[in-house]
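Residues per chain, in single letters:
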Amino acid sequence: MNSHPNSPRHPWARLTAAARTVHDDRETSAPYAFSTRVVALALGRETKMVSLFDVFALRALGVACLLAIFSVVVNFGELSRRLSGPPQGPALVEDVLPPVQDAAAVVLALSD
(Lines give C-alpha, C1' and ligand atoms only; values in the text may rest on other atoms or scores of the structure.)
Protein backbone atom coordinates (compact mmCIF):
# COMPACT_ATOMS: atom_id res chain seq x y z
CA MET A 1 0.00 0.00 0.00
CA ASN A 2 1.24 3.53 -0.79
CA SER A 3 2.19 5.77 2.10
CA HIS A 4 0.90 9.30 2.52
CA PRO A 5 3.09 11.96 0.79
CA ASN A 6 3.55 13.82 4.09
CA SER A 7 4.82 10.69 5.81
CA PRO A 8 8.56 10.85 6.71
CA ARG A 9 9.06 7.41 5.12
CA HIS A 10 7.72 8.55 1.73
CA PRO A 11 10.53 8.63 -0.92
CA TRP A 12 9.88 12.26 -1.82
CA ALA A 13 10.06 13.38 1.82
CA ARG A 14 13.32 11.48 2.30
CA LEU A 15 14.82 12.97 -0.89
CA THR A 16 13.94 16.55 0.04
CA ALA A 17 15.28 16.07 3.58
CA ALA A 18 18.57 14.75 2.17
CA ALA A 19 18.80 17.67 -0.30
CA ARG A 20 18.45 20.20 2.51
CA THR A 21 21.53 18.83 4.28
CA VAL A 22 23.91 19.22 1.29
CA HIS A 23 26.19 22.27 1.32
CA ASP A 24 27.98 23.59 -1.76
CA ASP A 25 31.51 24.71 -0.85
CA ARG A 26 32.62 25.68 -4.35
CA GLU A 27 33.91 29.16 -5.16
CA THR A 28 31.12 31.30 -6.64
CA SER A 29 33.03 34.42 -7.67
CA ALA A 30 34.14 35.04 -11.25
CA PRO A 31 37.84 34.56 -12.06
CA TYR A 32 40.22 37.51 -12.23
CA ALA A 33 39.64 39.76 -15.31
CA PHE A 34 36.60 37.76 -16.41
CA SER A 35 34.58 40.86 -17.33
CA THR A 36 37.48 42.20 -19.41
CA ARG A 37 37.63 38.97 -21.40
CA VAL A 38 33.87 38.96 -21.95
CA VAL A 39 33.93 42.53 -23.28
CA ALA A 40 36.94 41.79 -25.50
CA LEU A 41 35.20 38.76 -26.99
CA ALA A 42 32.00 40.71 -27.57
CA LEU A 43 33.70 43.63 -29.30
CA GLY A 44 36.16 41.48 -31.23
CA ARG A 45 33.58 39.40 -33.05
CA GLU A 46 33.14 40.00 -36.72
CA THR A 47 29.66 40.60 -37.98
CA LYS A 48 27.97 37.64 -39.54
CA MET A 49 26.48 37.71 -43.00
CA VAL A 50 22.91 38.92 -42.75
CA SER A 51 20.14 37.64 -44.93
CA LEU A 52 19.10 39.43 -48.09
CA PHE A 53 15.69 40.06 -46.55
CA ASP A 54 17.25 42.02 -43.67
CA VAL A 55 19.20 44.21 -46.06
CA PHE A 56 16.29 45.25 -48.25
CA ALA A 57 13.42 45.19 -45.72
CA LEU A 58 13.72 48.85 -44.71
CA ARG A 59 14.10 49.97 -48.33
CA ALA A 60 11.03 47.97 -49.35
CA LEU A 61 9.05 49.55 -46.51
CA GLY A 62 10.11 53.01 -47.66
CA VAL A 63 9.15 52.31 -51.27
CA ALA A 64 5.76 50.96 -50.15
CA CYS A 65 5.12 54.10 -48.08
CA LEU A 66 6.09 56.35 -50.98
CA LEU A 67 3.77 54.47 -53.34
CA ALA A 68 0.89 54.74 -50.86
CA ILE A 69 1.43 58.49 -50.45
CA PHE A 70 1.75 58.94 -54.22
CA SER A 71 -1.51 57.07 -54.86
CA VAL A 72 -3.35 59.24 -52.32
CA VAL A 73 -1.93 62.43 -53.86
CA VAL A 74 -2.88 61.39 -57.39
CA ASN A 75 -6.43 60.45 -56.41
CA PHE A 76 -7.01 63.17 -53.81
CA GLY A 77 -9.48 65.13 -55.93
CA GLU A 78 -11.64 62.10 -56.56
CA LEU A 79 -11.45 60.94 -52.94
CA SER A 80 -12.40 64.36 -51.57
CA ARG A 81 -15.29 64.63 -54.04
CA ARG A 82 -16.60 61.18 -53.06
CA LEU A 83 -16.16 61.74 -49.33
CA SER A 84 -17.74 65.20 -49.30
CA GLY A 85 -21.22 63.70 -49.53
CA PRO A 86 -23.87 63.32 -52.16
CA PRO A 87 -23.55 65.67 -55.12
CA GLN A 88 -25.60 68.85 -55.05
CA GLY A 89 -28.00 69.55 -57.91
CA PRO A 90 -28.55 67.31 -60.88
CA ALA A 91 -26.06 64.47 -60.89
CA LEU A 92 -25.63 61.31 -62.81
CA VAL A 93 -26.68 58.09 -61.14
CA GLU A 94 -23.30 56.40 -61.76
CA ASP A 95 -21.45 59.15 -59.83
CA VAL A 96 -22.79 57.79 -56.57
CA LEU A 97 -21.30 54.54 -55.29
CA PRO A 98 -23.76 51.68 -55.33
CA PRO A 99 -24.61 50.10 -51.95
CA VAL A 100 -22.39 47.06 -52.35
CA GLN A 101 -20.72 45.09 -49.54
CA ASP A 102 -18.03 43.52 -51.73
CA ALA A 103 -14.67 45.30 -51.29
CA ALA A 104 -13.47 44.41 -54.78
CA ALA A 105 -16.63 45.87 -56.31
CA VAL A 106 -16.15 49.11 -54.34
CA VAL A 107 -12.55 49.45 -55.53
CA LEU A 108 -13.56 48.75 -59.12
CA ALA A 109 -16.38 51.29 -58.84
CA LEU A 110 -13.89 53.92 -57.61
CA SER A 111 -11.58 53.26 -60.55
CA ASP A 112 -14.22 54.33 -63.11
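Cut-off values and rules
Residues numbered from 1 in each chain as written. Predicted model: local features only at pLDDT ≥ 70, side-chain atom pairs only at ≥ 80, totals over all residues. Heavy atoms only, no water. Helix = DSSP H or I, 4+ residues; strand = E, 2+ residues; numbered from the N terminus. Buried < 20%, exposed > 50% of the residue type's maximum accessible area, 1.4 Å probe, protein only. Areas by Shrake-Rupley, 256 points an atom, 1.4 Å probe, with all protein chains shown as cover. Salt bridge = Lys/Arg side-chain N within 4 Å of Asp/Glu carboxyl O. Patch = residues over 30% accessible without salt bridge, like charges linked within 9 Å, V, L, I, M, F, W, Y side chains within 5 Å. Polar contact = N/O pair within 3.5 Å; in protein donor to acceptor, adjacent residues only side chain to side chain.

Student: I'd like a description of the overall build of the protein, backed by residues and values.
Tutor: Tallying secondary structure elements over the protein gives five helices and zero strands in all. A buried classification covers 3% of the 112 residues belonging to the protein. Counting only carbon and sulfur atoms, one obtains 66% of the accessible surface of the protein, whose full area is about 10900 Å².

Student: Tell me what's going on with the pattern of salt bridges, and back it up with residues and numbers.
Tutor: In total, this model carries one salt bridge according to the counting rule given. A salt bridge links Arg26 to Asp24; the shortest N-O distance between them is 3.0 Å. A residue is classified by how much of its surface remains accessible, and Arg26, at 65% relative accessible area, is exposed. For Asp24, a relative accessible area of 53% puts it in the exposed group.

Student: Can you explain unusual backbone geometry? Please cite residues and give values.
Tutor: The phi dihedral of Ala33 is positive, around 65°, even though this residue is not glycine. Note that Ala33 resides in the loop between α1 (11-20) and α2 (34-44). Among the residues examined, Ala33 registers a relative accessible area of 32% and is labelled partly exposed.

Student: I'd like to hear about a nonpolar patch on the surface, residue by residue, with values.
Tutor: A cluster of nonpolar residues, Val50, Leu52, Val55 and Phe56, forms a patch on the protein surface that exposes about 360 Å² of accessible area. The class of Phe56 is partly exposed, set by a relative accessible area of 38%.

Student: I'd love a proper account of the environment of Thr21, names of residues and values included.
Tutor: Along the chain, the position of Thr21 falls in the loop between α1 and α2. Using a relative accessible area of 57% as the deciding quantity, one classes Thr21 as exposed. Looking at Thr21, its side chain comes within polar contact range of the main-chain oxygen of Ala18, at 2.7 Å.

Everything listed here is a matter of geometry and, on its own, says nothing about what the molecule does.
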